[in-house]
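Chain by chain, the residues run as shown.
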Amino acid sequence: MPFSGMDDPPGAGPVNEPLRAVIARHGLWAKKGLGQNFLLDLNLTRRIARAAAPFDNVTVFEVGPGPGGLTRALLEAGATVVAVERDPRCCAALAELAVQWPGKLTLVEGDAREVDPADHIEGAIKIVANLPYNVATPLLVGWLGHARRFASMTLMFQKEVAQRIAAAPGSGEYGRLSVLAQWACETDCLFDIPPRAFVPPPKITSTVVRLVPRAEPEAVDQQALERVTAAAFGQRRKMLRASLRSLGIDTDALIADAGIEPTARAETLTIPQYCRLARAYAARSVTPPADATRTR
Ligand code: SAM
C-alpha cells in the first residue's frame, strides 16, 4: 500500500536525524540476502543525486532506499520520489521521512522485480538507485526492454558489472549485458565508490553508471537479441558457427542472412551486427501461421 506522507503520520522521527541513529533506532542490521550495504556518506549520496539531476517535470523511481540516505539527497535536490523497498523494517524508517517531506515521497513496500514504475508514476520517470547487487542485473535487463519510458537511469552496480555494461567490442568485459544495454542506451561509468563508504563494507568496489535511452534504437525484438547474445557469449571462445548451434536452427543460414563471417567470435561483433543477427534469428525461428504455409 503506497504511503505518501499526506496521510496520518506514523510517528515521525527528528528532522535530519543522522542516518546511523535512524539505523540504530529501527534495528536495521544489514541482511546479506537483501544486498544491504548502506551508503551513509552525505557527500556521496549528494553526488549521485547531482549526477541524476535535474528533477524538473520528472518523478524519480528509487529501488531499495534502505534507511533513506540517497532518498534524502534526492529530496533535498528537489526531486519527487516513488521508492520501492522490500524490507518492512526500512519501510518504517522511510515512512517517517515521507512525513517530513509531505507529498514528495511515496513508499511502495514490495519486490522491485514485480513493480512497474508506470503503475505508480504518471509522466516522465528517472530511475535512481543504489541497487541491491543480487537483483541488479535482472532489474536492469527488465527496464532496458522499455527503456524509452525512462528519461534516464542513474544506477550503482558492482564495478565489474558496470564495466560490462559500458564495455566496447573486442574487450574482455564485452558481453551480453554490454550489447543489451548499449543497444537501448548511451552508457557512461561516472565514478567509483570504495567499500569503506558503506555500512557494512562490501568486498567489492561499486560504480555509478548513467544510462540515457536512445531516441531511436535499432528496431529489434529484445527477446531475440537476448537469445542470440546468450548463445554467442555462452561459448565466447568459439567461432559463431559453433556457438550459435545452441539456438537449434540452421546456423550457417542464420549467419549468412545476417551477413556475418562464420569464423567471427562473440566478442568481436558490434551491436549493429548483433541486431542483424537477432532480426535474422527472429525471422527464422517464427513458425509461419498455417495459412501462410499453404500453396496458393
Ligand atoms: N539506497 C540505500 C543506500 O544507498 O544506503 C540502500 C541500498 S542497499 C545496496 C539495497 C537496498 O535494496 C536495501 O535496502 C534492500 O532492502 C533493498 N532491496 C533488496 N532487494 C530488493 C527488491 N527485490 N526490491 C526492492 N528493494 C530491495
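Residues numbered from 1 in each chain as written. Predicted model: local features only at pLDDT ≥ 70, side-chain atom pairs only at ≥ 80, totals over all residues. Heavy atoms only, no water.

**A closer look at the domain arrangement of the protein**
So, step 1. Each domain of the protein was delimited in the assignment, giving domain 1 (2-213) and domain 2 (222-293).
So, step 2. Taking only C-alpha atoms, the centre of domain 1 and the centre of domain 2 are 35 Å apart.
So, step 3. The interface of domain 1 with domain 2 comprises 15 residues on the first partner and 15 residues on the second.
So, step 4. Summing the contributions of domain 1 and of domain 2, the shared interface buries around 1,200 Å²; its carbon and sulfur component is 67%.
So, step 5. It is Tyr 174, Arg 176 and Trp 183 that lose the most area in domain 1 upon contact with domain 2, and together they represent 46% of the buried surface on that side. (Domains from an automatic or database assignment. Contact = heavy atoms within 4.5 Å. Buried area = accessible area lost by both parts, 1.4 Å probe.)

**Some thoughts on the sheet that holds strand β7 (residues 185-193)**
So, step 1. What the seven strands build is an open sheet, ordered β4-β3-β2-β5-β6-β9-β7; its pairing is mixed. Each edge of the open sheet is held by one strand with a lone partner, namely β4 (105-109) and β7. Each strand of the sheet is rotated relative to its neighbour by a mean of 20°, with strand direction disregarded.
So, step 2. Relative to β4, helix α4 (residues 88-100) is tilted by about 165°, and along the sheet it contacts β3 (81-85) and β4.
So, step 3. Contacts from helix α7 (residues 176-184) reach β7 and β9 (206-213) within the one sheet, and its direction differs from that of β7 by about 115°. (Pairing = 2+ DSSP bridges. Helix = DSSP H or I, 4+ residues; strand = E, 2+ residues; numbered from the N terminus. Axes fitted to C-alpha atoms, helices over the stretch in contact; angles between N-to-C directions.)

**Some remarks on the pairing of β3**
So, step 1. The buried count for β3 comes to five of five residues, which makes it a mostly enclosed element.
So, step 2. Here β3 shows a buried face lined by Val 81, Ala 83 and Glu 85 and a second buried face lined by Val 82 and Val 84.
So, step 3. Here strand β2 (residues 59-63) pairs with β3 via four bridges, running parallel. Across the sheet, Phe 61 pairs through a bridge with Val 82, a residue of β3.
So, step 4. With five bridges connecting them, β3 and β4 associate as parallel partners. When the sheet's bridge partners are listed, Val 84 is paired in β4 with Val 108.
So, step 5. Following the chain from β3 across α4 to the adjacent parallel β4, one finds a crossover that is right-handed. (Buried < 20%, exposed > 50% of the residue type's maximum accessible area, 1.4 Å probe, protein only. Right-handed = clockwise from strand over helix to strand, strands pointing away.)

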